[in-house]
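Spelled out, the chains give:
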Amino acid sequence: MSTIKLAPSILSADFARLGEHVAEITRAGADLIHVDIMDGHFVPALTWGPRTVEAIKKWTHLPLDVHMMVEQPERHIASFLDAGADIITVHAEACTQLHWTIAQIKEHGAKASVAINPGTSLMAIEETLQWLDQVLVMTVNPGLPGQKFIPESPQKIARVRRFMDEIGIQAELEVDGGINAETAPMVARAGAQVVVAGSAVFDHPDGIEAAIRLLKERLASV
């Protein structure tokens, strides 16, 4: 099995030291940087805009995986791509013209990803799977850090993995929400190829490097 990628979510970082934390997780062995963009409408919280993406790009050579939890994401895609996003994830629930939104991302040369919430079926994105570079399965309801992993999530991840394999979809399967040293192996066994972790990285009592090392060890053991 190929190595499972770890994408720390900077939503759980110290915002006053964001650049330093991005550099630290880069040195510690992260594979991607997961950047949560929230508009206060699609989800309750409000985070950053394109200028923050542009700023943190200077602190890392890793791909920026920009997760847009926003209404009408098609209105903002170009500005985030210009700021340095390498992967753009939009929510199926937020797009009225999902195929067109995916095409807009890919026309700019970035990787296109679509997320589905815990209550959303894979069928919501079935007709667009062939154009995707990544599928993101949420294992918590999006919007706030530190939520508990939904116990039934591994079954859904496994169903998505089987469906993608059966029809030959090459997109990577990413999982985000409630990931820690206990749940990371669960989602990996279910078929996740990219794992997002926030609090488990930035709130670890032994520090960021130890947290990433532990998560990588747990993922490698699957």
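One can find the structure itself at the top, above this paragraph.
The structure presented is a predicted model; accordingly, all values stated were derived computationally and were not measured.

Attention now moves to the overall build of the protein. Across its full length, the protein carries eight helices and eight strands. The globule rule puts the C-alpha radius of gyration for 222 residues at 17 Å, and the 16 Å found for the protein is close to it. If one aligns the C-alpha atoms of the protein with their principal axes, the spans along those axes are about 45 × 35 × 30 Å. Here the protein holds 222 residues, and the buried ones make up 56% of them. Sequence separation of 24 or more characterises 63% of the internal contacts of the protein that already satisfy a separation of 6 or more. About 10,000 Å² of surface is accessible on the protein, with carbon and sulfur atoms providing 49% of the total. A distance of 4 Å separates the average location of the 18 positive side-chain charges in the protein from that of its 28 negative side-chain charges.

With that settled, consider the environment of Arg218. Inspection of the secondary structure puts Arg218 in helix H8 (residues 208–220). Classification of Arg218 as partly exposed rests on a relative accessible area of 32%. In this structure the C-alpha to C-alpha distance between Arg218 and Ala188, which are 30 residues apart in sequence, comes to 9.4 Å. Within the structure, Arg218 has its side chain in polar contact with the backbone oxygen of Ala181 (distance 2.9 Å).

When you line up the elements, Ala184 lands in helix H6 (residues 183–190). On the basis of relative accessible area, Ala184 is assigned to the buried category, the value being 0%. Considered as a pair, Ala184 and Leu122 are 62 residues apart in the sequence and their alpha carbons are 21 Å apart. Not counting residues within four places of it along the chain, the set of residues in contact with Ala184 comprises Ile179, Leu215 and Leu219.

A word on the packing of aromatic side chains. A ring pair, where both rings are aromatic, is described by two values, the distance of the centres and the angle of the planes. Under the counting rule described, the total for this entry stands at one aromatic pair. Look at Phe15 and Trp48: their rings are 5.1 Å apart centre to centre, the planes differ by 55 degrees, and that puts the pair in the tilted class. Of the two residues, Phe15 is situated in the loop between strand S1 (5–8) and helix H1 (18–27) and Trp48 in the loop between strand S2 (33–38) and helix H2 (50–57); the sequence distance between them amounts to 33 residues.

Looking now at the environment of His76. Looking at the element boundaries, His76 is found in the loop between strand S3 (64–69) and helix H3 (77–83). Taking C-alpha positions, His76 is 22 Å from Val137, a pair spaced 61 residues apart along the chain. Residues contacting His76, with those up to four places away along its chain left out, are Met68, Val70 and Glu71.

It is worth spelling out the pattern of salt bridges at this point. Summed over the entire model, instances satisfying the criterion amount to seven salt bridges. One salt bridge connects Arg17 with Glu20, and the closest N-O pair in it is separated by 3.1 Å. With relative accessibility at 34%, the residue Arg17 sits in the partly exposed group.

Procedures and definitions
- Per chain, residues are indexed from 1 in the order of the written sequence.
- Local features are withheld for residues below a pLDDT of 70 in this predicted model, meaning they are given only at 70 or higher, and side-chain atom pairs are given and counted only at 80 or more; totals for whole chains, interfaces and linings count all residues.
- For the side-chain quantities, the full set of heavy atoms in the structure was used; hydrogens and water were omitted.
- Every helix listed is a DSSP run of H or I at least four residues long, and every strand listed is a run of E at least two residues long, numbered separately from the N terminus.
- The reference for a compact globule is 2.2 Å times residues^0.38; the radius of gyration itself is calculated from the C-alpha atoms.
- The buried label applies to any residue whose accessible area, calculated with a 1.4 Å probe on protein chains only, is under 20% of its type's maximum; exposed applies above 50%, and partly exposed to all values in between.
- We call two residues in contact when some of their heavy atoms are within 4.5 Å.
- Per-residue and other accessible areas were derived by the Shrake-Rupley procedure at a 1.4 Å probe size, with only the shown protein chains allowed to occlude residues.
- Positive residues here are Lys and Arg, negative ones are Asp and Glu, while His and the chain termini are left out of the count.
- Just so you know, the charge point we use is NZ for Lys, CZ for Arg, CG for Asp and CD for Glu.
- Under the rule applied, a polar contact is a pair of N or O atoms within 3.5 Å (in protein, one hydrogen donor and one hydrogen acceptor; residues adjacent in sequence only if both atoms are side-chain atoms).
- For Phe, Tyr and Trp, rings pair up if their centres lie within 6.5 Å, where Trp contributes its six-membered ring, and each pair is then called stacked (planes under 30 degrees apart), edge-to-face (over 60) or tilted (otherwise).
- A carboxyl oxygen of Asp or Glu within 4 Å of a side-chain nitrogen of Lys or Arg is what we treat as a salt bridge.

Keep in mind that these numbers describe shape and distance, not what the molecule does.
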